[in-house]
Amino acid sequence: MKIVSDFITFLGRFVWSDVLVYLCLLTGIYLSVRLRFVQIRLWKRMGKLIVKKPDKKAGITPFQSFVTTVGARVGMGNIAGVAAALFYGGPGAVFWMWIIALFGASLAFAESTLAQQYKIYDNGQYLGGPAYYMERGMKCRALAVIFSAAVIIGPGMLMTGPQVQSVSSTFFHTFGINRTVTGVICMVLICIVIFGGIKRIGKTAEILTPFMCLFYVGMAAAVILINIRKLPGVLLLIVQSAFGLKSAFSGILGAALAMGVKRGIYSNEAGQGNGAMISAAAQCSHPAEQGLIQAASVYISTMVICTASALIMLLTGFYNVADSQGNLLFSGIPSVEYGILWVQEALKHCLGNWAASALAIVIVLFVFTSLMTYYYMAEASVKYLFRKKSDVIKKSAVYAMRMIFAVSVFLGALFTSDVAWSMGDIGAGLMVWSNLAALIVLSGEVVELLKKYEKEEKRTVFMDSEK
């Protein structure tokens, strides 16, 4: 078993090498410059588009697309993933998570705009995403097949691990519930939902996502208020550690950057193509509208939820930091494995035992919305690969995907934290490699689509002023 665990850890580090870390960061900067920092310039427009009602009933609404994507982006990567970033990269990793969110929003804009541009209408719903713009935009069917296979392997099999492992760990620690029992319950619940299709997923996420985000941020706000005097010092610690100015963490400066980018991309999923697959299912009047909506979801995921998690741990001191050899540079919660338990213990310390139980429930909602969105992406990729096959073969492939996904959800409850996160890194990394290549090649088209959109908006404003 140790051999398998070591191999998975090695493979995760290989897929998420420094090359991919810097490629993510540089691609985000490149697109931000070419799009003239659209993710900052048009931030007011984002809010208006989220609540805009579509003209047709086909597909899901922009708001459903937004909350479904937030549900996918907001998961254990925003809580346990932040703990992992602190453990391996120190407080400075939080700063680089903010940076990758800023530039990552341009990745989300580009991939979702392209997804809308090249989506297709099939059996009453819209289908699209990286595979479609790779095939129809780049004219590269081979890359589209590689990406679709990566989605089936990633969200369909491997990325369920960190999600369900966090649930099983929390429920065992809080309520003493056996991990196998938790795995079975999670498997049954997700199977009930995944048979409903994207519209049911959209409606379910519409209900759950605002509640879970607001409640979690509310608990974080309470922790911040209780420790308000420490806040300036913690913010200074984050910035100093990011640039190696804090002596205790100066030796892990490279790890802070790498972990910040890696955990940032994992948590907000910008550049992976996940949000693009969901945004393609939405009805909107111009492709750039979905691009702006998905850019906003990146901000919610990292700037709000990840920051909340980081401050909960940093303000209370409930975190550890280790160097590349495993030696502890800071020990605030010894003998506790990095992950969701750090946040749970911090909340219990500040707010009482009820907060630990409440977090366990919130975690279920976080994981539930992530898992059901993961399944949609896996099924969409299966349909893409088998779309030219007979109905019998397509249906068989879809049902096989459902069975595989259900089993992966169950197995996720049994993994250790290291194995679960390594599996998640492999799944996410495989998608990022192929999707970034497409975004770079098609960046010129994204620029043109944005220009046309801004011209149309100026014309609309002018015509309204003339009335």
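Look up a bit, the structure's there.
Residues numbered from 1 in each chain as written. Predicted model: local features only at pLDDT ≥ 70, side-chain atom pairs only at ≥ 80, totals over all residues. Heavy atoms only, no water.

**Let's talk about the environment of leucine 107**
Along the polypeptide, leucine 107 turns up in helix α7 (residues 92-117). The exposure class assigned to leucine 107 is buried, which follows from its relative accessible area of 0%. For the pair leucine 107 and alanine 295, spaced 188 residues apart in sequence, the C-alpha separation works out to 8.0 Å. Among residues more than four places away in sequence, those in contact with leucine 107 are Cys24, Thr27, Gly28, Leu31, Ala270, Gly271, Leu436 and Leu439. (Helix = DSSP H or I, 4+ residues; strand = E, 2+ residues; numbered from the N terminus. Buried < 20%, exposed > 50% of the residue type's maximum accessible area, 1.4 Å probe, protein only. Contact = heavy atoms within 4.5 Å.)

**What to know about a positive patch on the surface**
A cluster of like positive charges, contributed by Lys452, Lys455, Lys458 and Arg459, occupies part of the molecular surface. Tracing the chain through its elements places arginine 459 in helix α21 (residues 443-466). Taking relative accessible area as the criterion, arginine 459 reaches 48% and is therefore assigned partly exposed. (Patch = residues over 30% accessible without salt bridge, like charges linked within 9 Å, V, L, I, M, F, W, Y side chains within 5 Å. Areas by Shrake-Rupley, 256 points an atom, 1.4 Å probe, with all protein chains shown as cover. Salt bridge = Lys/Arg side-chain N within 4 Å of Asp/Glu carboxyl O. Lys, Arg positive; Asp, Glu negative; His and termini not counted. Charge placed at Lys NZ, Arg CZ, Asp CG, Glu CD.)

**As for the pattern of salt bridges**
Scanning all chains against the criterion turns up nine salt bridges. The residue glutamate 135 makes a salt bridge to arginine 141 at a minimum N-O spacing of 3.7 Å. Given a relative accessible area of 33%, arginine 141 falls into the partly exposed group. With a shortest N-O distance of 3.0 Å, arginine 387 and glutamate 135 are connected by a salt bridge. Of this pair, arginine 387 sits in the loop between α18 (353-385) and α19 (391-412) while glutamate 135 sits in helix α8 (residues 130-136); the two residues are 252 residues apart in sequence, bridging distant segments of the chain. Residue arginine 387 is classed as partly exposed on the basis of its relative accessible area of 26%. Three or more residues joined by partner-sharing salt bridges are found here, namely Arg36, Arg41 and Glu454.

**Section: the side chain of lysine 119**
Within the secondary structure layout, lysine 119 lies in the loop between α7 and β1 (120-122). One buried charge, lysine 119, has no salt-bridge partner; the nearest side chain with opposite charge is glutamate 289, at 9.4 Å. Engagement of the side chain of lysine 119 in a polar contact is seen with the side chain of glutamine 116, the distance being 2.9 Å. Excluding residues within four positions of it along the chain, lysine 119 makes contact with Tyr126, Leu127, Gly128, Arg136, Ala280, Ala282 and Gln283. (Polar contact = N/O pair within 3.5 Å; in protein donor to acceptor, adjacent residues only side chain to side chain.)

**Examining helix α16 (residues 287-316)**
Given 3.6 residues per turn, any residue in an α-helix points the same way as the ones three and four places further on. For α16, spanning 30 residues, the distance from its first C-alpha to its last is 44 Å, which sits close to the expected 44 Å at 1.5 Å a residue. Most pronounced at threonine 307, the bend in α16 amounts to some 30°. In terms of burial, α16 is largely enclosed, as 27 of its 30 residues are buried. Glycine 317 sits one or two residues past α16 and shows a positive phi near 80°. (Expected span 1.5 Å × (residues − 1). Bend = angle between axes of the 7 residues up to and from the residue.)

**Quick word on a nonpolar patch on the surface**
Together, Val181, Val184, Ile185, Val188, Leu189 and Ile192 make up a nonpolar patch on the protein surface, roughly 480 Å² of accessible area in all. Assignment of secondary structure puts valine 184 in helix α11 (residues 179-194).

**Some words on unusual backbone geometry**
Of note in the backbone geometry, lysine 139 takes a positive phi value of approximately 60° without being a glycine. Along the chain, the position of lysine 139 falls in the loop between α8 and α9 (141-158). Positive phi, normally seen in glycine, also occurs at serine 335, with a value near 70°. Relative to the elements of secondary structure, serine 335 occurs in the loop between β4 (328-331) and α17 (340-351). Of the residues examined, serine 335 reaches a relative accessible area of 83% and is grouped as exposed.

**Examining the packing of α9 against helix α10 (residues 160-175)**
Orientation of α9 relative to α10, taken along the N-to-C sense of each, is 5°, at an axis distance of 6 Å. With respect to α10, the axis of α9 lies roughly parallel. Facing α9, whose interface residues are Pro155, Met157 and Leu158, α10 presents Thr160, Gly161 and Pro162. For the contact of α9 with α10, a count of residues per class yields four nonpolar, two polar and no charged. (Axes fitted to C-alpha atoms, helices over the stretch in contact; angles between N-to-C directions. Parallel < 35°, antiparallel > 145°, perpendicular 65-115°, else oblique. Nonpolar A, V, L, I, M, F, W, Y, C, P; charged D, E, K, R; others polar.)

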